[in-house]
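The chain contents come next:
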Amino acid sequence: MKQLKPQLIGLITGAVMIIVALVAFYGLHLPTTGKFQYVVYSVYTLGIIWTLLAFHKHSVDKIKFKDYFSEGFKMFIVVVLMMVVYTFVFVKMNPQIIAGFIEENNRQLAAQGNRTAAEILANADNIRSLFPLTMVMGATITYLVIGALISVVGAAFLSQQKATAGHNR
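Everything numeric in this text was worked out from a predicted model, so none of it was measured.

K.L.:
I tried to follow the packing of helix α3 (residues 65–93) against helix α4 (residues 95–112) on my own but got confused; where do I start?
P.N.:
When two helices pack together, their arrangement is given by the angle between the helix axes and the distance between those axes. Relative to each other, α3 and α4 sit at 75 degrees, their axes nearing to 4 Å. Judged by the angle between their axes, α3 and α4 are roughly perpendicular. Where α3 abuts α4, its residues Phe90, Val91, Lys92 and Met93 lie against Pro95, Ile97 and Ile98. Its residues assigned to classes, the contact of α3 with α4 comprises 6 nonpolar, no polar and 1 charged.

K.L.:
Whenever I open this one, the environment of Asp125 confuses me. Can you help?
P.N.:
Turning to its location among the elements, Asp125 is positioned in helix α5 (residues 117–167). Here Asp125 falls in the partly exposed class, since its relative accessible area comes to 47%. For the pair Asp125 and Ile102, spaced 23 residues apart in sequence, the C-alpha separation works out to 8.8 Å.

K.L.:
Sorry if this is basic, but what is going on with a nonpolar patch on the surface here?
P.N.:
A cluster of nonpolar residues, Leu4, Leu8, Leu11, Ile12, Val16 and Trp50, forms a patch on the protein surface that exposes about 460 Å² of accessible area. Sort the elements by how many residues they give to the nonpolar patch and helix α1 (residues 6–27) lands first, with 4 residues. Here Leu11 lies in helix α1. Owing to a relative accessible area of 45%, Leu11 belongs among the partly exposed residues under this scheme.

K.L.:
Can you walk me through the packing of aromatic side chains in this structure?
P.N.:
Think of a pair of aromatic rings as described by two things: how far the centres are apart, and how the planes are tilted against each other in angle. This structure, assessed with the given rule, holds 13 aromatic pairs. For the pair Tyr38 and Tyr41, a centre-to-centre distance of 6.1 Å together with 65 degrees between the ring planes defines the contact as edge-to-face. Of the two residues, Tyr38 and Tyr41 are both situated in helix α2 (residues 37–57); the distance of 3 residues between them amounts to about one turn of the helix. Assessed through its relative accessible area of 56%, Tyr38 is described here as exposed. Relative to Phe69, the ring of Phe65 has its centre 6.5 Å away and its plane inclined at 15 degrees; by these criteria the two rings are stacked. Of the two residues, Phe65 and Phe69 both sit in helix α3, 4 residues apart, roughly one turn of that helix. Relative accessible area serves as the criterion here: at 36%, Phe65 is assigned to the partly exposed category. Three or more aromatic residues link up through ring pairs in this structure, and these residues are Phe25, Tyr26, Tyr86 and Phe90.

The rules behind each value
Residues numbered from 1 in each chain as written. Predicted model: local features only at pLDDT ≥ 70, side-chain atom pairs only at ≥ 80, totals over all residues. Heavy atoms only, no water. Axes fitted to C-alpha atoms, helices over the stretch in contact; angles between N-to-C directions. Helix = DSSP H or I, 4+ residues; strand = E, 2+ residues; numbered from the N terminus. Parallel < 35°, antiparallel > 145°, perpendicular 65-115°, else oblique. Contact = heavy atoms within 4.5 Å. Nonpolar A, V, L, I, M, F, W, Y, C, P; charged D, E, K, R; others polar. Buried < 20%, exposed > 50% of the residue type's maximum accessible area, 1.4 Å probe, protein only. Patch = residues over 30% accessible without salt bridge, like charges linked within 9 Å, V, L, I, M, F, W, Y side chains within 5 Å. Areas by Shrake-Rupley, 256 points an atom, 1.4 Å probe, with all protein chains shown as cover. Salt bridge = Lys/Arg side-chain N within 4 Å of Asp/Glu carboxyl O. Phe/Tyr/Trp six-rings, centres within 6.5 Å; stacked < 30°, edge-to-face > 60°.

Okay, structure coming up:
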């Protein structure tokens, strides 16, 4: 059986993550933040593991840590790009998310009692303009960190497995 390229696995994984997120939000009416997000992260993790294991299975004995990490990177960078685009489009298509966040923030600021109505409105305008960028940056950083971490751990484990298997022959 032919080995799938890590970029293709990234496309498949990213598509599944987006479908899961859309079903959760539109189908199950779950909030965008919360524990369900861990399901999306789990799909991401499984995709990286799939990439590393496929490479491990089809590789020769002299594969090093950097080779495994490189395969993981090729996969997860595709997912990061997909999730950044998805996050931007999703936030733009769902202005009620921004409105709900602003409403809650305004309520908290008003309860503190140390801001004028004009300051609260100015803060709301600031949040409205920065919210999409903040969400995209948060998604970028989160997916990069998770991808790098899983790739490092998987690469370390699998490169040790190859080294041990090579010594046992």
